[in-house]
Amino acid sequence: MKALSIISLIWFVLNFLLIAVFFLDSSQESSDAAAGMGILGVLYGLLFSILALIISSKRKKAPVNVHEQLLQLGELKEKNIISEYEFDQKKEKLLSKYR
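(A) View of the overall build of the chain. Within the chain one finds four helices and zero strands. Along the chain direction, N to C, the helices and strands of the chain fall in the order α-α-α-α. Within the chain, the proportion of its 99 residues that are buried is 15%. Considering only intrachain contacts with a sequence separation of at least 6, the fraction spanning at least 24 residues in the chain is 52%.

(B) Expanded view of the packing of aromatic side chains. In the structure shown here, the tally under the stated rule is zero aromatic pairs. Note that Lys-77 overlies the ring of Phe-87, its terminal NZ or CZ placed 4.5 Å from the centroid.

(C) Representation of helix H3 (residues 66–78) in the model. End to end, H3 covers 18 Å across 13 residues, agreeing with the expected 18 Å (1.5 Å per residue, within 8%). Just past H3, the residue Asn-80 takes up positive phi, approximately 60°.

Rules used throughout
- Residues numbered from 1 in each chain as written.
- Predicted model: local features only at pLDDT ≥ 70, side-chain atom pairs only at ≥ 80, totals over all residues.
- Heavy atoms only, no water.
- Helix = DSSP H or I, 4+ residues; strand = E, 2+ residues; numbered from the N terminus.
- Buried < 20%, exposed > 50% of the residue type's maximum accessible area, 1.4 Å probe, protein only.
- Contact = heavy atoms within 4.5 Å.
- Phe/Tyr/Trp six-rings, centres within 6.5 Å; stacked < 30°, edge-to-face > 60°.
- Lys NZ or Arg CZ within 6 Å of the ring centre and 35° of its normal.
- Expected span 1.5 Å × (residues − 1).

Structural measurements only, silent on function.
Following this line, the structure appears as structure tokens:
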């Protein structure tokens with residue numbers, strides 16, 4: 001989310017500077033600069049969309065089947081493969097994912 005905020009701030013400052021230049025200069029080059037700004041806007045929108053897509057895909061968590069994993073942990077504890085302490089630690093970790 002921080003990256004999106006930084007990109008938005010940079011684009012805001014850049015737009016402010018470009019608009020200030022348009023008001024100060026009314027020559028033919030101004031229309032060329034406006035076309036360039038439009039292209040920059042499209043490229044910015046593309047960059048912003050890609051970044052937002054990447055961030056949102058990272059936030060999606062796979063559903064955790066806590067019940068099944070707790071049963072597996074219980075079996076490991078019963079077979080003395082893991083200790084009571086390890087069981088409690090892993091159980092807390094699983095339950096924290098569920099919350």
